Amino acid sequence: LDKAEQRSDWGRRPLTAAQRAYAALDAHVLLEVAATYPFPAALGPDDVAALAASLRGDFRVLSDGDIDFSVVVRCKTLALLGGGERRLAVLPAGERLSLAPDETLAPASELVGLFGLPRGALGPIGAHRAADVRVARCLAGRTIALGCGEVGKSLVVDAEVLVACLDRAVLF
């Protein structure tokens, strides 16, 4: 990975074609490394913020007390196992998910090993070892707050931006 663009002016808009290409390749390499080498411990909000910064879009890690939940939808991320794959489902915190016949909820004791983040802090950014991510269609057009590696903090992003940034994400 050529690091020449790393020191360029990233605050200047629009980004150059070289900067966009570097950012895309940098994120791709990071995701490939994360998928190949399992992390030994849970990721924290700084890890998630660094991963989010490598993606295109406005991602912010905030303390829950700093989030206006009258306009931001608090979400939960459910870790699922099915068909030999890891899957994540993002839905509003009060909603229930109907599991597919081949799906089960991942045991809480195995979340860090399987997804890199603990219960109460699980979110689709930073969940290592690539997983399919399904985002509830009712979140389209909404700003959402997701787990980010630490209870009491959330990753805040528009739902469509989240889906657009993750290779294996869809609205369902």
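Residues numbered from 1 in each chain as written. Predicted model: local features only at pLDDT ≥ 70, side-chain atom pairs only at ≥ 80, totals over all residues. Heavy atoms only, no water.

### Remarks on the overall build of the protein chain
Okay, step 1: Assigned secondary structure in the protein chain consists of four helices and eight strands.
Okay, step 2: Start at the N end of the protein chain and walk to the C end: the helices and strands fall as α-α-β-β-β-β-α-β-β-β-α-β.
Okay, step 3: Buried positions account for 38% of the 172 residues belonging to the protein chain.
Okay, step 4: For the protein chain, the proportion of contacts with a sequence separation of at least 24, taken over those separated by at least 6, is 61%.
Okay, step 5: Carbon and sulfur atoms form 53% of the exposed surface of the protein chain, whose accessible area is close to 9400 Å². (Helix = DSSP H or I, 4+ residues; strand = E, 2+ residues; numbered from the N terminus. Buried < 20%, exposed > 50% of the residue type's maximum accessible area, 1.4 Å probe, protein only. Contact = heavy atoms within 4.5 Å. Areas by Shrake-Rupley, 256 points an atom, 1.4 Å probe, with all protein chains shown as cover.)

### Some thoughts on the packing of aromatic side chains
Okay, step 1: Throughout the structure, instances matching the rule amount to one aromatic pair.
Okay, step 2: Taken together, a centroid distance of 6.0 Å and an interplanar angle of 55° make the contact between Trp10 and Tyr22 tilted. Placement of Trp10 in the segment before helix 1 (17-36) and of Tyr22 in helix 1 is noted, with a sequence separation of 12 residues between them.
Okay, step 3: A cation sits over an aromatic face here: Arg74 above Phe69, 3.8 Å from the ring centre.
Okay, step 4: The lysine or arginine in question, Arg134, covers the ring of Phe172, its NZ or CZ lying 5.4 Å from the ring centre. (Phe/Tyr/Trp six-rings, centres within 6.5 Å; stacked < 30°, edge-to-face > 60°. Lys NZ or Arg CZ within 6 Å of the ring centre and 35° of its normal.)

### Things to note about the environment of Thr143
Okay, step 1: The residue Thr143 is located in strand 6 (residues 143-147) in this model.
Okay, step 2: Along the primary structure Thr143 and Val71 are separated by 72 residues, whereas in three dimensions their C-alpha atoms are 7.4 Å apart.
Okay, step 3: Sequence-distant contacts of Thr143, defined by excluding residues within four places in its chain, comprise Val71, Val72, Val73, Val156, Val157 and Asp158.
Okay, step 4: At 2.7 Å, the side chain of Thr143 and the side chain of Asp158 are in polar contact. (Polar contact = N/O pair within 3.5 Å; in protein donor to acceptor, adjacent residues only side chain to side chain.)

### Overview of the pattern of salt bridges
Okay, step 1: This model, assessed by the stated rule, comprises six salt bridges.
Okay, step 2: Measuring nitrogen to oxygen at the nearest pair gives 3.7 Å for the salt bridge that ties Asp64 to Arg74. Here Asp64, found in the loop between strand 1 (60-63) and strand 2 (72-82), pairs with Arg74, found in strand 2; they are 10 residues apart in sequence, far enough to count as distant.
Okay, step 3: Of the residues examined, Arg74 reaches a relative accessible area of 42% and is grouped as partly exposed.
Okay, step 4: Between Arg87 and Glu103 there is a salt bridge; the shortest N-O distance is 3.0 Å. Of the two residues, Arg87 is situated in strand 3 (residues 85-92) and Glu103 in strand 4 (residues 103-105); the sequence distance between them amounts to 16 residues.
Okay, step 5: On the accessibility criterion, Arg87 (14% relative accessible area) is buried.
Okay, step 6: Take Glu103: its relative accessible area is 6%, and that puts it in the buried class.
Okay, step 7: Through salt bridges with shared partners, a single ionic network connects Glu85, Arg87, Asp102, Glu103 and Arg134. (Salt bridge = Lys/Arg side-chain N within 4 Å of Asp/Glu carboxyl O.)

### Let's talk about the confidence of the model for the protein chain
The predicted coordinates ought not to be read in detail in places where the model reports low pLDDT.
Okay, step 1: Of all residues in the protein chain, 87% have pLDDT values of 70 or greater, and the mean over the chain is 83.
Okay, step 2: When pLDDT is averaged over each element of the protein chain, strand 4 comes out on top at 94 and helix 1 at the bottom at 74. (pLDDT = per-residue confidence, 0-100.)

### Focus on the state of the cysteines
Okay, step 1: Counting across every chain of the model gives zero disulfides.
Okay, step 2: Left unpaired, Cys138 is separated from the closest cysteine sulfur, that of Cys75, by 7.8 Å. (Disulfide = S-S within 2.5 Å.)

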